[in-house]
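Structure assessment
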Amino acid sequence: MDERNKIHHATLIIIIIAAVAATGGLLFGFDTGVISGALLFIKKDFALSNLYQELVVSAVLVGCIIGAASSGKIVDRFGRRNVIIVTAIIFGLGSLWTGFAADAVHLVLGRIVVGLGIGVASFAVPLYLSEISPQEIRGALVSLNQLMITIGIVVSYLIDHYFATWDGGWRYMFLAGLFPALVLGIGMLFLPRTPRWLASKQYESEAQRVLGRIDPHHAEEEYRRIKRSLKVEKSGSFSDLFAPAVRPALLIGVGIMVVQQATGINTVIYYAPTIFEMAGFESARAAISATVGVGVVNVLMTIVAIRLVDMWGRKPLLYLGLSGMVLSLAVLGGAFALTDILGASLKWYALGSLFVYIASFAVSLGPIAWLMISEVYPLQIRGIGMSVATLANWLFNFIIALTFLSIIDVLGRPGAFWLYATIGIFGIWFTWKYIPETKGVPLEQIEKNLYAGKPARELGR
Ligand code: BGC
(Lines give C-alpha, C1' and ligand atoms only; values in the text may rest on other atoms or scores of the structure.)
Protein backbone atom coordinates (compact mmCIF):
# COMPACT_ATOMS: atom_id res chain seq x y z
CA MET A 1 0.00 0.00 0.00
CA ASP A 2 1.36 3.47 -0.76
CA GLU A 3 1.49 6.11 1.95
CA ARG A 4 -1.75 7.87 1.04
CA ASN A 5 -3.69 4.64 0.80
CA LYS A 6 -2.30 3.58 4.14
CA ILE A 7 -3.53 6.74 5.84
CA HIS A 8 -6.89 6.52 4.10
CA HIS A 9 -7.20 2.92 5.22
CA ALA A 10 -6.26 3.86 8.79
CA THR A 11 -8.90 6.59 8.88
CA LEU A 12 -11.51 4.11 7.73
CA ILE A 13 -10.52 1.61 10.39
CA ILE A 14 -10.67 4.29 13.07
CA ILE A 15 -14.14 5.35 11.95
CA ILE A 16 -15.40 1.75 12.05
CA ILE A 17 -13.82 1.15 15.45
CA ALA A 18 -15.25 4.35 16.87
CA ALA A 19 -18.72 3.70 15.47
CA VAL A 20 -18.96 0.18 16.88
CA ALA A 21 -17.47 1.02 20.25
CA ALA A 22 -19.65 4.07 20.64
CA THR A 23 -22.72 1.83 20.40
CA GLY A 24 -22.04 1.42 24.11
CA GLY A 25 -23.04 5.09 24.44
CA LEU A 26 -26.26 4.32 22.62
CA LEU A 27 -27.11 1.69 25.25
CA PHE A 28 -26.33 4.19 28.00
CA GLY A 29 -28.58 6.87 26.50
CA PHE A 30 -31.32 4.46 25.49
CA ASP A 31 -31.73 3.19 29.01
CA THR A 32 -31.54 6.64 30.50
CA GLY A 33 -34.54 7.65 28.44
CA VAL A 34 -36.64 4.53 27.88
CA ILE A 35 -38.11 4.31 31.37
CA SER A 36 -39.94 7.65 31.18
CA GLY A 37 -42.42 6.33 28.63
CA ALA A 38 -42.46 2.70 29.72
CA LEU A 39 -43.33 3.58 33.30
CA LEU A 40 -46.72 4.99 32.36
CA PHE A 41 -47.81 1.54 31.14
CA ILE A 42 -45.99 -0.64 33.65
CA LYS A 43 -47.59 1.13 36.55
CA LYS A 44 -51.03 0.24 35.16
CA ASP A 45 -50.19 -3.37 34.23
CA PHE A 46 -48.65 -4.20 37.60
CA ALA A 47 -50.65 -1.70 39.68
CA LEU A 48 -47.40 -0.26 41.06
CA SER A 49 -47.31 1.81 44.21
CA ASN A 50 -45.30 5.03 44.18
CA LEU A 51 -42.51 3.30 46.02
CA TYR A 52 -42.32 0.54 43.44
CA GLN A 53 -42.32 3.07 40.63
CA GLU A 54 -39.35 4.80 42.20
CA LEU A 55 -37.65 1.44 42.58
CA VAL A 56 -38.19 0.52 38.92
CA VAL A 57 -36.73 3.88 37.86
CA SER A 58 -33.78 3.97 40.21
CA ALA A 59 -32.85 0.25 40.07
CA VAL A 60 -30.80 1.00 36.94
CA LEU A 61 -28.84 3.62 38.82
CA VAL A 62 -28.18 1.18 41.64
CA GLY A 63 -26.89 -1.33 39.05
CA CYS A 64 -24.71 1.41 37.50
CA ILE A 65 -23.20 2.24 40.86
CA ILE A 66 -22.39 -1.42 41.56
CA GLY A 67 -21.11 -1.96 38.00
CA ALA A 68 -18.82 1.08 38.02
CA ALA A 69 -17.55 0.37 41.52
CA SER A 70 -16.67 -3.25 40.90
CA SER A 71 -15.13 -3.29 37.45
CA GLY A 72 -12.13 -0.97 37.44
CA LYS A 73 -9.62 -3.64 38.22
CA ILE A 74 -11.28 -6.11 35.87
CA VAL A 75 -10.86 -3.66 32.99
CA ASP A 76 -7.16 -3.30 33.74
CA ARG A 77 -6.65 -7.03 34.19
CA PHE A 78 -8.71 -8.53 31.35
CA GLY A 79 -8.57 -5.66 28.91
CA ARG A 80 -10.98 -3.05 27.67
CA ARG A 81 -12.33 -4.97 24.69
CA ASN A 82 -13.13 -8.21 26.52
CA VAL A 83 -14.91 -6.39 29.27
CA ILE A 84 -17.03 -4.44 26.78
CA ILE A 85 -18.05 -7.74 25.14
CA VAL A 86 -19.15 -9.22 28.48
CA THR A 87 -20.95 -5.97 29.25
CA ALA A 88 -22.95 -6.27 26.03
CA ILE A 89 -23.99 -9.80 27.07
CA ILE A 90 -25.04 -8.63 30.53
CA PHE A 91 -26.95 -5.78 29.01
CA GLY A 92 -28.70 -8.12 26.55
CA LEU A 93 -29.70 -10.47 29.38
CA GLY A 94 -31.05 -7.54 31.37
CA SER A 95 -33.12 -6.39 28.37
CA LEU A 96 -34.64 -9.88 28.06
CA TRP A 97 -35.28 -10.08 31.77
CA THR A 98 -37.12 -6.75 31.90
CA GLY A 99 -38.93 -7.41 28.61
CA PHE A 100 -40.34 -10.74 29.84
CA ALA A 101 -40.72 -9.81 33.52
CA ALA A 102 -43.71 -11.57 35.05
CA ASP A 103 -44.04 -9.22 37.98
CA ALA A 104 -42.59 -6.07 39.52
CA VAL A 105 -39.87 -7.93 41.42
CA HIS A 106 -38.45 -9.38 38.21
CA LEU A 107 -38.67 -5.98 36.63
CA VAL A 108 -36.57 -4.42 39.38
CA LEU A 109 -34.03 -7.26 39.22
CA GLY A 110 -33.79 -7.01 35.44
CA ARG A 111 -33.30 -3.25 35.69
CA ILE A 112 -30.43 -3.77 38.14
CA VAL A 113 -28.79 -6.12 35.63
CA VAL A 114 -29.22 -3.59 32.83
CA GLY A 115 -27.66 -1.01 35.15
CA LEU A 116 -24.66 -3.26 35.81
CA GLY A 117 -24.02 -3.29 32.08
CA ILE A 118 -24.39 0.46 31.70
CA GLY A 119 -22.25 1.19 34.74
CA VAL A 120 -19.34 -0.68 33.18
CA ALA A 121 -19.90 0.44 29.59
CA SER A 122 -20.15 4.08 30.63
CA PHE A 123 -16.43 4.20 31.34
CA ALA A 124 -15.02 1.18 29.48
CA VAL A 125 -16.14 2.62 26.14
CA PRO A 126 -14.54 6.07 26.50
CA LEU A 127 -11.47 4.31 27.89
CA TYR A 128 -11.27 2.06 24.85
CA LEU A 129 -11.82 4.98 22.47
CA SER A 130 -9.25 7.16 24.17
CA GLU A 131 -6.54 4.52 24.07
CA ILE A 132 -7.13 3.60 20.47
CA SER A 133 -7.32 7.16 19.10
CA PRO A 134 -4.54 9.13 17.43
CA GLN A 135 -4.00 12.10 19.75
CA GLU A 136 -5.01 14.81 17.24
CA ILE A 137 -8.56 13.51 17.08
CA ARG A 138 -8.83 11.86 20.49
CA GLY A 139 -11.26 14.50 21.78
CA ALA A 140 -13.58 14.02 18.83
CA LEU A 141 -13.50 10.22 18.93
CA VAL A 142 -14.11 9.95 22.66
CA SER A 143 -16.88 12.53 22.35
CA LEU A 144 -18.55 10.26 19.82
CA ASN A 145 -19.53 8.21 22.83
CA GLN A 146 -21.40 11.21 24.23
CA LEU A 147 -23.04 11.80 20.85
CA MET A 148 -24.33 8.24 20.94
CA ILE A 149 -25.62 8.79 24.49
CA THR A 150 -27.65 11.78 23.32
CA ILE A 151 -28.89 9.92 20.24
CA GLY A 152 -29.80 6.99 22.50
CA ILE A 153 -31.95 9.29 24.63
CA VAL A 154 -33.86 10.62 21.61
CA VAL A 155 -34.22 7.13 20.12
CA SER A 156 -35.68 5.89 23.39
CA TYR A 157 -38.30 8.68 23.33
CA LEU A 158 -39.22 7.74 19.76
CA ILE A 159 -39.38 4.01 20.56
CA ASP A 160 -41.57 4.72 23.59
CA HIS A 161 -43.81 6.81 21.39
CA TYR A 162 -44.01 4.11 18.70
CA PHE A 163 -44.89 1.24 21.03
CA ALA A 164 -47.19 3.31 23.24
CA THR A 165 -50.28 2.13 21.37
CA TRP A 166 -49.32 -1.57 21.36
CA ASP A 167 -50.72 -4.07 23.80
CA GLY A 168 -48.00 -4.64 26.43
CA GLY A 169 -45.94 -2.11 24.46
CA TRP A 170 -43.57 -1.47 27.37
CA ARG A 171 -42.13 -4.96 26.90
CA TYR A 172 -41.07 -4.07 23.35
CA MET A 173 -39.65 -0.79 24.59
CA PHE A 174 -37.24 -2.72 26.81
CA LEU A 175 -36.57 -5.47 24.27
CA ALA A 176 -35.51 -2.85 21.70
CA GLY A 177 -32.34 -2.49 23.79
CA LEU A 178 -31.26 -5.90 22.52
CA PHE A 179 -30.31 -4.56 19.10
CA PRO A 180 -27.58 -2.15 20.15
CA ALA A 181 -26.36 -4.81 22.62
CA LEU A 182 -25.96 -7.27 19.74
CA VAL A 183 -24.19 -4.72 17.54
CA LEU A 184 -21.81 -3.86 20.37
CA GLY A 185 -21.11 -7.45 21.46
CA ILE A 186 -20.62 -8.90 17.98
CA GLY A 187 -18.91 -5.80 16.59
CA MET A 188 -16.34 -5.71 19.37
CA LEU A 189 -15.32 -9.30 18.60
CA PHE A 190 -13.84 -7.99 15.37
CA LEU A 191 -12.10 -4.94 16.80
CA PRO A 192 -8.52 -4.84 18.05
CA ARG A 193 -7.53 -4.56 21.68
CA THR A 194 -6.04 -1.16 22.53
CA PRO A 195 -2.32 -0.82 21.88
CA ARG A 196 -1.78 0.67 25.33
CA TRP A 197 -3.38 -2.19 27.20
CA LEU A 198 -1.56 -4.70 24.96
CA ALA A 199 1.78 -3.08 25.68
CA SER A 200 1.06 -3.04 29.41
CA LYS A 201 0.53 -6.80 29.27
CA GLN A 202 3.64 -7.48 27.17
CA TYR A 203 1.76 -8.31 23.96
CA GLU A 204 4.40 -6.28 22.18
CA SER A 205 4.05 -7.30 18.58
CA GLU A 206 0.28 -7.10 18.63
CA ALA A 207 0.50 -3.63 20.18
CA GLN A 208 2.80 -2.54 17.36
CA ARG A 209 0.59 -4.07 14.74
CA VAL A 210 -2.51 -2.27 16.02
CA LEU A 211 -0.65 1.05 16.17
CA GLY A 212 0.53 0.53 12.61
CA ARG A 213 -3.02 0.02 11.45
CA ILE A 214 -4.60 2.97 13.17
CA ASP A 215 -1.88 5.60 13.08
CA PRO A 216 0.79 4.53 10.54
CA HIS A 217 2.45 7.96 10.62
CA HIS A 218 3.25 7.98 14.33
CA ALA A 219 3.17 4.25 15.09
CA GLU A 220 6.81 3.84 16.06
CA GLU A 221 7.06 7.05 17.99
CA GLU A 222 3.83 6.18 19.85
CA TYR A 223 5.07 2.73 20.66
CA ARG A 224 8.31 4.05 22.09
CA ARG A 225 6.42 6.58 24.16
CA ILE A 226 4.10 3.91 25.59
CA LYS A 227 7.02 1.66 26.46
CA ARG A 228 8.86 4.49 28.13
CA SER A 229 5.87 5.41 30.24
CA LEU A 230 5.42 1.79 31.27
CA LYS A 231 8.97 1.72 32.58
CA VAL A 232 8.31 4.35 35.22
CA GLU A 233 5.16 2.69 36.49
CA LYS A 234 4.58 -0.06 38.94
CA SER A 235 1.73 -2.47 38.59
CA GLY A 236 -1.54 -0.78 39.33
CA SER A 237 -3.48 -1.47 42.48
CA PHE A 238 -6.32 0.38 44.10
CA SER A 239 -4.07 2.04 46.66
CA ASP A 240 -1.89 3.46 43.85
CA LEU A 241 -4.85 5.65 43.01
CA PHE A 242 -4.23 7.55 46.23
CA ALA A 243 -0.48 7.85 45.79
CA PRO A 244 0.53 11.53 46.04
CA ALA A 245 1.55 11.67 42.36
CA VAL A 246 -1.82 10.38 41.16
CA ARG A 247 -3.95 12.51 43.48
CA PRO A 248 -4.34 15.41 41.02
CA ALA A 249 -5.83 12.97 38.49
CA LEU A 250 -8.22 11.64 41.10
CA LEU A 251 -9.29 15.17 42.00
CA ILE A 252 -9.88 16.12 38.36
CA GLY A 253 -11.80 12.93 37.58
CA VAL A 254 -14.09 12.88 40.59
CA GLY A 255 -14.48 16.66 40.62
CA ILE A 256 -15.57 17.02 37.01
CA MET A 257 -18.07 14.19 37.40
CA VAL A 258 -19.60 15.76 40.50
CA VAL A 259 -19.90 19.07 38.65
CA GLN A 260 -21.42 17.30 35.62
CA GLN A 261 -24.18 15.77 37.73
CA ALA A 262 -24.69 18.31 40.50
CA THR A 263 -25.48 21.10 38.03
CA GLY A 264 -28.73 19.27 37.44
CA ILE A 265 -28.53 17.77 33.95
CA ASN A 266 -30.64 14.77 34.81
CA THR A 267 -33.39 16.77 36.45
CA VAL A 268 -33.88 18.03 32.91
CA ILE A 269 -33.41 14.64 31.23
CA TYR A 270 -35.73 12.81 33.65
CA TYR A 271 -38.15 15.56 34.59
CA ALA A 272 -38.36 17.86 31.56
CA PRO A 273 -42.07 17.11 30.98
CA THR A 274 -42.74 17.85 34.66
CA ILE A 275 -40.85 21.15 34.49
CA PHE A 276 -42.72 22.13 31.34
CA GLU A 277 -46.03 21.32 33.00
CA MET A 278 -45.05 23.42 36.02
CA ALA A 279 -44.33 26.28 33.62
CA GLY A 280 -47.78 26.09 32.10
CA PHE A 281 -47.71 23.74 29.11
CA GLU A 282 -51.14 22.34 29.66
CA SER A 283 -51.30 19.05 27.80
CA ALA A 284 -48.94 16.19 28.52
CA ARG A 285 -48.50 16.00 24.76
CA ALA A 286 -47.15 19.54 24.47
CA ALA A 287 -44.84 18.89 27.42
CA ILE A 288 -43.53 15.73 25.78
CA SER A 289 -42.99 17.45 22.40
CA ALA A 290 -40.99 20.14 24.16
CA THR A 291 -38.96 17.35 25.77
CA VAL A 292 -38.17 15.80 22.40
CA GLY A 293 -36.98 19.27 21.39
CA VAL A 294 -34.61 19.26 24.36
CA GLY A 295 -33.29 15.85 23.26
CA VAL A 296 -32.68 17.04 19.71
CA VAL A 297 -30.84 20.20 20.84
CA ASN A 298 -28.69 17.90 23.02
CA VAL A 299 -27.71 15.84 19.96
CA LEU A 300 -27.04 18.82 17.69
CA MET A 301 -24.89 20.68 20.18
CA THR A 302 -22.87 17.54 20.92
CA ILE A 303 -22.00 17.47 17.21
CA VAL A 304 -20.81 21.07 17.56
CA ALA A 305 -18.69 19.99 20.56
CA ILE A 306 -17.09 17.21 18.52
CA ARG A 307 -16.08 19.78 15.89
CA LEU A 308 -14.63 22.15 18.46
CA VAL A 309 -13.07 20.03 21.17
CA ASP A 310 -9.78 19.38 19.37
CA MET A 311 -9.71 22.90 17.87
CA TRP A 312 -10.62 25.23 20.75
CA GLY A 313 -9.59 22.79 23.46
CA ARG A 314 -11.36 21.52 26.55
CA LYS A 315 -11.16 24.49 28.89
CA PRO A 316 -12.62 27.21 26.64
CA LEU A 317 -15.61 24.96 25.96
CA LEU A 318 -16.05 24.28 29.67
CA TYR A 319 -16.01 28.02 30.46
CA LEU A 320 -18.47 28.75 27.67
CA GLY A 321 -20.82 25.90 28.53
CA LEU A 322 -20.79 26.38 32.29
CA SER A 323 -21.47 30.12 31.87
CA GLY A 324 -24.44 29.33 29.64
CA MET A 325 -25.72 26.80 32.16
CA VAL A 326 -25.41 29.23 35.09
CA LEU A 327 -27.16 32.04 33.19
CA SER A 328 -29.99 29.87 31.91
CA LEU A 329 -30.58 28.33 35.35
CA ALA A 330 -30.64 31.81 36.88
CA VAL A 331 -33.19 32.94 34.31
CA LEU A 332 -35.30 29.80 34.79
CA GLY A 333 -35.33 30.30 38.56
CA GLY A 334 -36.09 34.00 38.04
CA ALA A 335 -38.98 33.20 35.72
CA PHE A 336 -40.52 30.91 38.34
CA ALA A 337 -39.98 33.61 40.97
CA LEU A 338 -41.91 36.06 38.79
CA THR A 339 -44.73 33.66 37.90
CA ASP A 340 -47.41 36.21 38.86
CA ILE A 341 -45.94 38.95 36.71
CA LEU A 342 -45.07 36.77 33.71
CA GLY A 343 -48.39 34.92 33.61
CA ALA A 344 -48.83 32.92 30.43
CA SER A 345 -45.45 33.94 29.04
CA LEU A 346 -43.71 31.94 31.79
CA LYS A 347 -43.70 28.84 29.65
CA TRP A 348 -41.70 30.54 26.91
CA TYR A 349 -39.08 31.64 29.40
CA ALA A 350 -38.94 28.04 30.65
CA LEU A 351 -38.62 26.67 27.14
CA GLY A 352 -35.97 29.18 26.12
CA SER A 353 -33.87 28.73 29.24
CA LEU A 354 -34.02 24.94 29.16
CA PHE A 355 -32.92 24.97 25.52
CA VAL A 356 -29.98 27.26 26.34
CA TYR A 357 -29.19 25.08 29.35
CA ILE A 358 -29.11 21.80 27.43
CA ALA A 359 -27.17 23.37 24.53
CA SER A 360 -24.58 24.68 26.98
CA PHE A 361 -24.27 21.30 28.70
CA ALA A 362 -23.99 19.45 25.41
CA VAL A 363 -21.18 21.63 24.15
CA SER A 364 -19.16 21.27 27.34
CA LEU A 365 -19.68 19.11 30.42
CA GLY A 366 -21.54 16.38 28.53
CA PRO A 367 -18.66 15.21 26.35
CA ILE A 368 -15.73 16.75 28.19
CA ALA A 369 -16.30 15.11 31.59
CA TRP A 370 -16.06 11.66 30.02
CA LEU A 371 -13.16 12.76 27.85
CA MET A 372 -11.20 14.22 30.77
CA ILE A 373 -11.45 11.06 32.86
CA SER A 374 -10.17 9.02 29.93
CA GLU A 375 -7.10 11.25 29.64
CA VAL A 376 -5.75 12.05 33.07
CA TYR A 377 -5.03 8.69 34.70
CA PRO A 378 -1.78 6.78 34.22
CA LEU A 379 -2.07 3.67 32.08
CA GLN A 380 -1.57 1.08 34.82
CA ILE A 381 -4.49 2.34 36.86
CA ARG A 382 -6.57 3.95 34.14
CA GLY A 383 -9.38 1.42 34.58
CA ILE A 384 -9.49 1.80 38.34
CA GLY A 385 -9.25 5.58 38.15
CA MET A 386 -12.02 5.87 35.59
CA SER A 387 -14.25 3.52 37.52
CA VAL A 388 -13.93 5.65 40.66
CA ALA A 389 -14.78 8.84 38.73
CA THR A 390 -17.67 7.01 37.06
CA LEU A 391 -18.88 5.83 40.44
CA ALA A 392 -19.01 9.48 41.55
CA ASN A 393 -20.96 10.24 38.39
CA TRP A 394 -23.66 7.61 39.02
CA LEU A 395 -23.81 8.31 42.73
CA PHE A 396 -24.55 11.99 42.13
CA ASN A 397 -26.90 11.12 39.29
CA PHE A 398 -28.82 9.03 41.81
CA ILE A 399 -28.78 11.69 44.54
CA ILE A 400 -29.91 14.48 42.22
CA ALA A 401 -32.68 12.38 40.66
CA LEU A 402 -33.92 11.34 44.06
CA THR A 403 -33.87 14.79 45.64
CA PHE A 404 -35.14 17.09 42.87
CA LEU A 405 -38.81 17.09 43.88
CA SER A 406 -37.98 17.35 47.59
CA ILE A 407 -35.60 20.26 46.93
CA ILE A 408 -38.45 22.05 45.20
CA ASP A 409 -40.60 21.41 48.28
CA VAL A 410 -37.99 22.89 50.57
CA LEU A 411 -36.46 25.71 48.50
CA GLY A 412 -39.29 26.37 46.06
CA ARG A 413 -38.93 26.23 42.27
CA PRO A 414 -36.72 29.32 41.96
CA GLY A 415 -34.51 28.16 44.83
CA ALA A 416 -33.98 24.73 43.30
CA PHE A 417 -32.71 26.10 39.98
CA TRP A 418 -30.62 28.77 41.69
CA LEU A 419 -29.01 26.04 43.75
CA TYR A 420 -27.87 24.24 40.57
CA ALA A 421 -26.70 27.62 39.19
CA THR A 422 -24.57 28.15 42.29
CA ILE A 423 -22.97 24.76 41.81
CA GLY A 424 -22.28 25.82 38.21
CA ILE A 425 -20.36 28.86 39.50
CA PHE A 426 -18.33 26.47 41.63
CA GLY A 427 -17.76 24.45 38.42
CA ILE A 428 -16.28 27.51 36.67
CA TRP A 429 -13.90 28.03 39.57
CA PHE A 430 -13.02 24.32 39.59
CA THR A 431 -12.26 24.43 35.85
CA TRP A 432 -9.99 27.42 36.31
CA LYS A 433 -8.21 25.96 39.31
CA TYR A 434 -7.84 22.27 38.48
CA ILE A 435 -8.71 21.30 34.91
CA PRO A 436 -5.71 20.92 32.57
CA GLU A 437 -5.83 21.68 28.84
CA THR A 438 -5.20 18.32 27.20
CA LYS A 439 -5.91 19.21 23.58
CA GLY A 440 -3.41 17.45 21.29
CA VAL A 441 -1.26 16.26 24.21
CA PRO A 442 -0.21 12.58 24.09
CA LEU A 443 -1.61 10.50 26.97
CA GLU A 444 1.95 9.55 27.87
CA GLN A 445 2.95 13.21 28.24
CA ILE A 446 0.07 13.79 30.66
CA GLU A 447 1.28 10.78 32.60
CA LYS A 448 4.85 11.99 32.65
CA ASN A 449 3.70 15.34 34.03
CA LEU A 450 1.76 13.57 36.77
CA TYR A 451 4.80 11.63 37.89
CA ALA A 452 6.91 14.78 37.67
CA GLY A 453 4.64 16.19 40.38
CA LYS A 454 3.00 18.93 38.30
CA PRO A 455 -0.21 20.37 39.74
CA ALA A 456 -3.55 19.36 38.23
CA ARG A 457 -4.04 22.27 35.87
CA GLU A 458 -0.58 21.98 34.40
CA LEU A 459 -0.82 18.32 33.42
CA GLY A 460 -1.24 19.16 29.75
CA ARG A 461 1.84 21.37 29.45
C1 BGC B 1 -24.28 12.27 31.49
C2 BGC B 1 -25.65 11.72 31.74
C3 BGC B 1 -26.67 12.55 31.00
C4 BGC B 1 -26.30 12.68 29.54
C5 BGC B 1 -27.22 13.64 28.83
C6 BGC B 1 -24.01 12.32 30.03
O7 BGC B 1 -22.74 12.83 29.79
O8 BGC B 1 -23.31 11.50 32.16
O9 BGC B 1 -25.91 11.69 33.11
O10 BGC B 1 -27.95 11.97 31.11
O11 BGC B 1 -24.98 13.13 29.39
O12 BGC B 1 -26.87 13.85 27.51
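**Quick notes on the overall build of the chain**
- Secondary structure summary: the chain contains 20 helices and 0 strands in total.
- For 461 residues, the compact-globule estimate of 2.2 N^0.38 gives 23 Å, and the chain sits close to it at 22 Å.
- With 461 residues in all, the chain has 59% of them scored as buried.
- Partitioning the intrachain contacts of the chain with sequence separation of at least 6 by distance along the chain shows that 81% fall at a separation of at least 24.
- Averaging the positions of the 36 positive and the 29 negative side-chain charges in the chain gives two centres separated by 6 Å.

**Let's talk about the site of the ligand**
- As a matter of local geometry, the ligand sits amid 13 residues, with Gln146, Gln260, Gln261, Asn266 and Asn298 nearest to it.
- Here an oxygen atom of the ligand and a side-chain polar atom of Gln146 are 2.7 Å apart.
- The side chain of Gln261 places a nitrogen or oxygen atom 2.9 Å from an oxygen atom of the ligand.
- Considering the ligand on its own, with 310 Å² of exposed area, one finds that the protein chains cover 99% of that surface.
- Those elements that place two or more of their residues in the shell around the ligand are helix 6 (138-163), helix 12 (247-262), helix 18 (365-375) and helix 19 (382-434).

**A few points about the nonpolar core**
- In this structure, Met188, Phe276 and Tyr377 are the most contacted members of the largest nonpolar core, which totals 129 residues.
- With 16 residues, the single largest contributor to this core is helix 19.
- Leave out the neighbours within four places in its chain, and Phe276 touches Phe281, Ala287, Ala290, Thr291, Val294, Ala350, Leu351 and Leu354.
- Within the second largest apolar cluster, 18 residues are counted, among which are Val34, Leu39, Trp170 and Ala176.

**Side note on a nonpolar patch on the surface**
- Together, Ile89, Leu93, Leu96 and Phe100 give the surface a local cluster of nonpolar side chains, amounting to about 410 Å² of exposed area.
- Here Leu96 lies in helix 4 (residues 80-99).

**Topic: the environment of Ile435**
- By the secondary structure assignment, Ile435 is in the loop between helix 19 and helix 20 (443-451).
- Looking at Ile435, the relative accessible area reads 0%, which means it is buried.
- Sequence separation between Ile435 and Ile252 is 183 residues; the distance between their C-alpha atoms is 6.3 Å.
- In this structure Ile435 touches Ile252, Ile256, Lys315, Leu318, Met372, Phe430 and Arg457, once residues within four positions along its chain are discounted.

**Notes on the environment of Ala389**
- Tracing the chain through its elements places Ala389 in helix 19.
- Given the relative accessible area of 0%, Ala389 is considered buried.
- It is 9.3 Å that separates the C-alpha atoms of Ala389 and Ala69, two residues lying 320 residues apart in sequence.
- If we skip the residues at most four places from it in the chain, Ala389 touches Gly253, Val254, Met257, Ile373 and Tyr377.

**Overview of the packing of helix 3 (residues 50-78) against helix 4**
- For the pair helix 3 and helix 4, interaxial distance at closest approach is 6 Å and the crossing angle is 125°. Overall, the two elements helix 3 and helix 4 adopt an arrangement that is oblique. Between helix 3 and helix 4, the contacting residues are Ile74, Val75, Asp76 and Phe78 on the first element and Arg80, Asn82 and Val83 on the second.
- In terms of residue class, the contact of helix 3 with helix 4 is built from 4 nonpolar, 1 polar and 2 charged.

**Let's talk about the domain arrangement of the chain**
- One can read the domain layout of the chain as domain 1 (1-191) and domain 2 (241-461).
- Each of domain 1 and domain 2 has a C-alpha centre, and these two points are 21 Å apart.
- For the pair domain 1 and domain 2, the two sides together bury roughly 3,400 Å², of which 71% comes from carbon and sulfur.
- The three residues of domain 1 that bury the most area against domain 2 are Leu61, Arg138 and Gln146, which together make up 17% of that side's buried surface.
- Our count for the contact surface shared by domain 1 and domain 2 stands at 2 salt bridges.
- Two residues, Glu131 and Arg382, come together in a salt bridge whose shortest N-O distance is 2.6 Å.
- Seen at the junction of domain 1 and domain 2, the total is 12 residue pairs in polar contact (both at pLDDT 80 or more).
- Mapped onto the side of domain 1 that touches domain 2, the elements with two or more residues apiece are helix 2 (23-45), helix 3, helix 5 (104-132) and helix 6.
- Split by residue class, the side of domain 1 that touches domain 2 holds 21 nonpolar, 11 polar and 6 charged.

**Describing the packing of aromatic side chains**
- Tallying each qualifying case throughout the model produces 19 aromatic pairs.
- Relative to Tyr172, the ring of Phe163 lies with its centre 5.4 Å away and its plane at 25°, an arrangement referred to as stacked.
- For the ring pair Phe336 and Phe417, a centre distance of 5.8 Å and an interplane angle of 15° mean the geometry is stacked. Placement of Phe336 in helix 15 (residues 314-337) and of Phe417 in helix 19 is noted, with a sequence separation of 81 residues between them. There is no split in this pair, since Phe336 and Phe417 are both buried.
- Just above the ring of Tyr203 sits the side chain of Arg193; from NZ or CZ to the centre is 4.9 Å.
- Looking at Arg457, its charged tip hangs above the ring of Trp432, at a distance of 4.9 Å from the centre.

**Let's talk about a positive patch on the surface**
- Together, Arg224, Arg228, Lys231 and Lys448 make up a region of like positive charge exposed at the surface.
- By residue number, the principal contributor to the positive patch is helix 11 (residues 219-231), which donates 3 residues.
- With respect to the helices and strands, Lys448 occurs in helix 20.

**With respect to the pattern of salt bridges**
- This structure, assessed with the given rule, holds 15 salt bridges.
- Ionic pairing is found between Arg80 and Asp76, a salt bridge with its closest N-O pair at 3.1 Å.
- Among the charged side chains, a network of salt bridges with common partners joins Asp76, Arg80, Glu131, Arg382 and Glu447.

Cut-off values and rules
- Residues numbered from 1 in each chain as written.
- Predicted model: local features only at pLDDT ≥ 70, side-chain atom pairs only at ≥ 80, totals over all residues.
- Heavy atoms only, no water.
- Helix = DSSP H or I, 4+ residues; strand = E, 2+ residues; numbered from the N terminus.
- Rg over C-alpha atoms; globule rule 2.2 N^0.38 Å.
- Buried < 20%, exposed > 50% of the residue type's maximum accessible area, 1.4 Å probe, protein only.
- Contact = heavy atoms within 4.5 Å.
- Lys, Arg positive; Asp, Glu negative; His and termini not counted.
- Charge placed at Lys NZ, Arg CZ, Asp CG, Glu CD.
- Near = heavy atom within 4 Å.
- Polar contact = N/O pair within 3.5 Å; in protein donor to acceptor, adjacent residues only side chain to side chain.
- Areas by Shrake-Rupley, 256 points an atom, 1.4 Å probe, with all protein chains shown as cover.
- Core = buried A, V, L, I, M, F, W, Y, C linked by side-chain atoms within 4.5 Å.
- Patch = residues over 30% accessible without salt bridge, like charges linked within 9 Å, V, L, I, M, F, W, Y side chains within 5 Å.
- Salt bridge = Lys/Arg side-chain N within 4 Å of Asp/Glu carboxyl O.
- Axes fitted to C-alpha atoms, helices over the stretch in contact; angles between N-to-C directions.
- Parallel < 35°, antiparallel > 145°, perpendicular 65-115°, else oblique.
- Nonpolar A, V, L, I, M, F, W, Y, C, P; charged D, E, K, R; others polar.
- Domains from an automatic or database assignment.
- Buried area = accessible area lost by both parts, 1.4 Å probe.
- Phe/Tyr/Trp six-rings, centres within 6.5 Å; stacked < 30°, edge-to-face > 60°.
- Lys NZ or Arg CZ within 6 Å of the ring centre and 35° of its normal.

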